Amino acid sequence: MTELADEGVCPLIPVKWTGLAIREYLMAVGEGSAYDFYKCYRRVKPSTSYATIRKYFHYLRKLGLIEKVREEDTGHGFPKVYYRIVPGMEDDERWFRPQAAIYPQTALGKRRYRRLKERAER
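The structure contained in this document is the topic of the report that follows. Each residue is numbered by its place in its chain's sequence as written, counting from 1. Only residues with pLDDT of at least 70 get local features here, since the model is predicted, and only at 80 or more are side-chain atom pairs given and counted; chain-wide, interface and lining totals rely on the full set of residues. Side-chain numbers here rest on the full set of heavy atoms in the structure, without hydrogens or water.

**Considering the overall build of the protein**
Within the protein one finds five helices and three strands. In this description a helix means any DSSP run of H or I spanning at least four residues, a strand means any run of E spanning at least two, and both kinds are numbered starting from the N terminus. Secondary structure elements in the protein, listed N-terminal to C-terminal, are α-β-α-α-β-β-α-α. Dimensions of the protein, computed from the C-alpha atoms along their principal axes, are close to 55 × 30 × 30 Å. Residues classed as buried in the protein amount to 37% of the 122 residues present. Throughout, a residue-residue contact means that at least one pair of heavy atoms, one from each residue, lies within 4.5 Å. For the protein, contacts bridging at least 24 residues in sequence account for 53% of all contacts bridging at least 6. The rule is simple: take the accessible area with a 1.4 Å probe, protein chains only, and divide by the maximum for that residue type; under 20% is buried, over 50% is exposed, in between is partly exposed.

Structure follows, in structure tokens:
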């Protein structure tokens, strides 16, 4: 199941929101790596970078929505890490906005955050 992206076959990812797309991908494959997801997701949203995907996997792991299952040696110095959804966390609302769940101020947006920051400094 984890070899889907390597074989050129990706599960259907029906959403563009990164957190939800990761959830849909992991539900379809069972366990997968950030890179395998990235290879599939760029078909849906080509502008997304691999750094962004790695950041989202970090957020989801920090929130306890996904967990590391295993590592595989790649021969390139860094192991390939596989994740799965923590049982019972499939319907958690934090999948919609994992970054805002960790950093609530990001929900404000750039302009409103700057205005609040300027007011606080006065």
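**Side note on the side chain of Thr18**
Following the sequence through the fold, Thr18 ends up in helix 1 (residues 18–29). Since its relative accessible area comes to 8%, Thr18 is described here as buried. When neighbours within four sequence positions are excluded, Thr18 is seen to be in contact with Phe37, Tyr41, Ile53 and Tyr56.

**Quick look at the packing of aromatic side chains**
The aromatic pairing rule takes the rings of Phe, Tyr and Trp, using the six-membered ring of Trp, and pairs them if the centres are within 6.5 Å, calling planes under 30 degrees apart stacked, those over 60 edge-to-face and the rest tilted. The final tally for this structure, using the stated rule, is nine aromatic pairs. Aromatic side chains Tyr56 and Tyr59 sit 6.0 Å apart centroid to centroid with 65 degrees between the ring planes, which places their arrangement in the edge-to-face category. Note that Tyr56 and Tyr59 are positioned in helix 3 (residues 50–63) at a spacing of three residues, about one turn of the helix. The class of Tyr56 is buried, set by a relative accessible area of 17%. Judged by relative accessible area, Tyr59 falls into the buried class, the value being 6%. Of the aromatic side chains, those joined through ring pairs into one cluster are Tyr25, Phe37, Tyr41, Phe57 and Tyr83. Each ring is checked for a lysine NZ or an arginine CZ that lies within 6 Å of its centre and within 35 degrees of its normal; such an atom marks a charge sitting over the ring. Its guanidinium or amino end placed over the ring of Tyr82, Arg70 lies 4.0 Å from that ring's centre, counting from NZ or CZ.

**Digging into the nonpolar core**
Generally speaking, nonpolar side chains in soluble globular proteins are found buried as a group. Core analysis: the largest hydrophobic core is formed by 28 residues, its most contacted members being Ile22, Phe37, Phe57 and Trp95. Setting aside residues no more than four positions away along its own chain, Trp95 makes contact with Gly19, Leu20, Ile22, Arg23, Leu60, Leu65, Ile66, Ile85, Met89 and Glu90. The term nonpolar core refers to a set of buried residues drawn from Ala, Val, Leu, Ile, Met, Phe, Trp, Tyr and Cys, joined through side-chain atoms within 4.5 Å.

**Some words on helix 1**
In a regular helix each residue adds 1.5 Å, so 12 residues correspond to 16 Å; helix 1 covers 16 Å between its end C-alpha atoms and thus fits that length. Among all positions in helix 1, only Thr18, Gly19, Leu20, Ala21, Ile22, Arg23, Tyr25, Leu26 and Val29 are buried. Elements that come into contact with the buried residues of helix 1 comprise strand 1 (32–33), helix 2 (34–41), helix 3, strand 2 (66–72), strand 3 (80–85) and helix 4 (98–102). Where helix 1 ends, the next residue or the one after it, Gly30, has phi of about 90 degrees, a positive value. What a helix is expected to span follows from its residue count: subtract one and scale by 1.5 Å.

**Topic: the sheet that holds strand 3**
Strands sit in the order 1-3-2 across an open sheet of three strands; the sheet is antiparallel. Bordering the open sheet on either side are strand 1 and strand 2, each of which pairs with just one other strand. In this structure, strand 1 lies alongside strand 3, joined through two bridges in antiparallel fashion. Bridging across to strand 3, Gly32 finds its partner in Tyr83. Only the stretch in contact is used when fitting a helix axis, every axis being a line fitted to C-alpha atoms; angles between N-to-C directions are given from 0 to 180 degrees. Its contacts with the sheet place helix 3 against strand 1, strand 2 and strand 3, and it is angled at close to 120 degrees to strand 2. By the convention used here, strands pair only if DSSP detects at least 2 bridges between them.

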